[in-house]
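# Understanding the architecture of this molecule
Residues per chain are reported as follows:
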Amino acid sequence: MPYWRLSGFYFFYFSALGVLVSWLGLYFKQIGFDAAQIGYITAIMYLSRIVAPNVWAWAAGYSGQRLWIVKLASLLALISFTAAFFTTDFWWLALVFLLFSFFWNAALPQVEAATMQHSLGETSVYSRVRLWGSVGFIVVAIGLGPILDATSYWWVLPSLFVCLLGIFIFSLMIPESQAEASNEVAEPLLRLMMRPRVAAFLLVCLLMQASHGPYYTFYSIYLNESGYSGTAIGLLWGFGVVCEIAVFLWLHHVKRHIGLRHILLISFSLAALRWLLIGFFPQQVWVLIFAQVLHAVTFGVYHATAIEMVHKFFTGRHHCRGQAIYGSISFGIGGALGSFYSGLLWKQAGATMTFAIAAGLAFLAFIIVAVFIRPGNSSGVVASGPGQ
């Protein structure tokens, strides 16, 4: 298990994510973009996740060089992002972030599949590696806050460049897994995706990510307009991810007693509560702190569970494609829808109503799991395999 090489990749990948979701919106606001423009350019980045993971997964499967694809995509993401330094024109930056995200989004599904193979599908092993991504997010969320308060949000750009450089360096170090793919005849991918439990699972992942739209696109702007400093904003982002790390450390113990289906139900119900708290009580700092505690469940627990379910549903030669499909549908379509409706509604309907809609999407996901994803046995959904 190449623990530190994989952990280093996760550290820098989620450091980059931390810069994007915590601070990029404030940079866009500083250079004069309105809420709709911020929503559009964020949606553009998510839209690339609909196509990019599947294109790169096909290339990896066709070439048989999965991690070579990761190295190439990481290098191209680094190179394409440098164009963001040239101008603040909206259409130029929209093109830059579309191109950058097309390459950046290629890497993670392949590394997720490699990590699950290196860990032999053990969630506890995966969680110990993945938690370093959370550490990276915390470093940039908390560390950049005071710097940006004292200087300018322009420093978001070089910070992101450093993170992308780290991603590329660690991508060069990750070895292929020695675990061999199954030689069994794989079920046609479309037929597998159309199985009721698989289709329902992918739909609720889409809804969960769409419900995060106001949070990932406007949370920092929302807090800034409510009077919070960059330091306070960074601390709130970082605290949520600290709670996420705690979840990664003990999630495998919880799973011994709670099935995957019940974990999803808990995650979606608490996500609905979280968005209502943020939307209705922005001036109550203790409410916001409690809402960030819930990040441990609405992202940490949910994401680790989703990755395991993808690994169980998409077996054998479908591992990489399964991770790519999960990323495309949830973070791609769901993320784009979330950013799009947030940008449209933020000024017209207001922040409170936008977060209320997010809560409604999370609750809809809860209903779908409750009705359509029935447990296959006493330990929960997919515990005995996706076909049962």
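Scroll up to find the structure this text is about.
Description of the structure in this document.

The rules behind these values
- Residues numbered from 1 in each chain as written.
- Predicted model: local features only at pLDDT ≥ 70, side-chain atom pairs only at ≥ 80, totals over all residues.
- Heavy atoms only, no water.
- Helix = DSSP H or I, 4+ residues; strand = E, 2+ residues; numbered from the N terminus.
- Buried < 20%, exposed > 50% of the residue type's maximum accessible area, 1.4 Å probe, protein only.
- Contact = heavy atoms within 4.5 Å.
- Areas by Shrake-Rupley, 256 points an atom, 1.4 Å probe, with all protein chains shown as cover.
- Axes fitted to C-alpha atoms, helices over the stretch in contact; angles between N-to-C directions.
- Parallel < 35°, antiparallel > 145°, perpendicular 65-115°, else oblique.
- Left-handed = near helix turned anticlockwise from the far one by under 90°.
- Nonpolar A, V, L, I, M, F, W, Y, C, P; charged D, E, K, R; others polar.
- Polar contact = N/O pair within 3.5 Å; in protein donor to acceptor, adjacent residues only side chain to side chain.
- Core = buried A, V, L, I, M, F, W, Y, C linked by side-chain atoms within 4.5 Å.
- Salt bridge = Lys/Arg side-chain N within 4 Å of Asp/Glu carboxyl O.
- Phe/Tyr/Trp six-rings, centres within 6.5 Å; stacked < 30°, edge-to-face > 60°.
- Lys NZ or Arg CZ within 6 Å of the ring centre and 35° of its normal.
- Patch = residues over 30% accessible without salt bridge, like charges linked within 9 Å, V, L, I, M, F, W, Y side chains within 5 Å.

## So, the overall build of the chain
When its secondary structure is counted, the chain shows 15 helices and 0 strands. Relative to its 388 residues, the chain shows a buried fraction of 59%. Across the chain, contacts joining residues at least 24 apart in sequence account for 85% of those joining residues at least 6 apart. Accessible area for the chain stands at about 14900 Å²; split by element, carbon and sulfur atoms hold 70% of it.

## Description of the packing of helix H8 (residues 196-211) against helix H15 (residues 351-372)
Remark: H8 packs on H15, axes separated minimally by 8 Å, with the N-to-C direction vectors making an angle of 165°. Considering the angle they form, H8 stands roughly antiparallel to H15. By crossing handedness, the relation of H8 to H15 is classed as left-handed. Each of Arg197, Ala200, Leu203, Val204, Leu207, Ala210 and Ser211 in H8 lies in contact with H15, whose residues at this interface are Ala358, Leu361, Ala362, Leu364, Ala365, Ile368, Val369 and Phe372. Its residues assigned to classes, the contact of H8 with H15 comprises 13 nonpolar, 1 polar and 1 charged.

## Observations concerning the environment of alanine 306
One can find alanine 306 in helix H13 (residues 295-313). Along the backbone, alanine 306 and leucine 264 are 42 residues apart, and their C-alpha atoms lie at a distance of 8.4 Å. The contacts of alanine 306, once residues within four sequence positions are left out, are Phe201 and Tyr326.

## Considering the side chain of threonine 115
Structurally, the position occupied by threonine 115 is in helix H4 (residues 90-118). Residue classification places threonine 115 among the buried residues on the basis of a relative accessible area of 0%. A polar atom in the side chain of threonine 115 sits 3.2 Å from the side chain of tyrosine 10. For threonine 115, the side chain forms a polar contact with the main-chain oxygen of valine 111, separated by 2.7 Å.

## Notes on the nonpolar core
The biggest cluster of nonpolar side chains holds 131 residues, and the ones touching the most others in it are Phe97 and Phe201. When residues in this core are grouped by element, the largest group, 14 residues, is from helix H1 (residues 3-30).

## Some words on the environment of arginine 197
Tracing the backbone shows arginine 197 in helix H8. With 116 residues separating them along the chain, arginine 197 and phenylalanine 313 place their C-alpha atoms 9.3 Å apart.

## Thoughts on the packing of helix H3 (residues 66-81) against H4
Relative placement of two packed helices is described by the angle separating their axes and the distance separating the axes. Taken N-terminus to C-terminus, the directions of H3 and H4 make an angle of 150°; their axes are 8 Å apart at the nearest point. Overall, the two elements H3 and H4 adopt an arrangement that is roughly antiparallel. Here H3 and H4 pass one another in a crossing that is left-handed. In terms of residue class, the contact of H3 with H4 is built from 16 nonpolar, 4 polar and 1 charged.

## Concerning the pattern of salt bridges
Going through the model one piece at a time under the given rule, you end up with 3 salt bridges. In this structure, arginine 130 and glutamate 244 form a salt bridge, with 3.5 Å as the shortest nitrogen-oxygen distance. Pair noted here: arginine 130 is in helix H5 (residues 123-150) and glutamate 244 is in helix H10 (residues 230-254), with a separation of 114 residues, a long-range link. Each member of the pair, arginine 130 as well as glutamate 244, carries the same accessibility label: buried.

## Digging into the packing of aromatic side chains
Where two aromatic rings form a pair, the distance of their centres and the angle of their planes describe that pair. Following the criterion strictly, the structure yields 39 aromatic pairs and no others. Seen in terms of ring centroids, tyrosine 13 and phenylalanine 14 are 5.5 Å apart; in terms of plane orientation they differ by 65°. Their pairing is edge-to-face. When sorted by exposure, tyrosine 13 lands in the same class as phenylalanine 14, which is buried. Taking 5.0 Å as the distance between ring centres and 75° as the angle between the ring planes, the aromatic pair formed by phenylalanine 90 and tryptophan 91 counts as edge-to-face. For phenylalanine 90, a relative accessible area of 11% puts it in the buried group. Here the basic side chain of arginine 130 rests over the ring of phenylalanine 14, its NZ or CZ set 3.8 Å away from the ring centre.

## Details of the side chain of asparagine 105
Relative to the helices and strands, asparagine 105 is located in helix H4. Assessed through its relative accessible area of 1%, asparagine 105 is described here as buried. Here serine 48 takes part through its side chain, which lies 3.0 Å from a polar atom of the side chain of asparagine 105. Other than its neighbours up to four places away in sequence, asparagine 105 contacts Tyr13, Met45, Ser48, Arg49, Ala52 and Pro53.

## Remarks on a nonpolar patch on the surface
A grouping of Phe85, Phe86, Trp92, Trp154 and Trp155 is seen on the molecular surface, where their side chains present a nonpolar patch of about 550 Å² in accessible area. Positionally, tryptophan 154 belongs in the loop between H5 and helix H6 (156-171).

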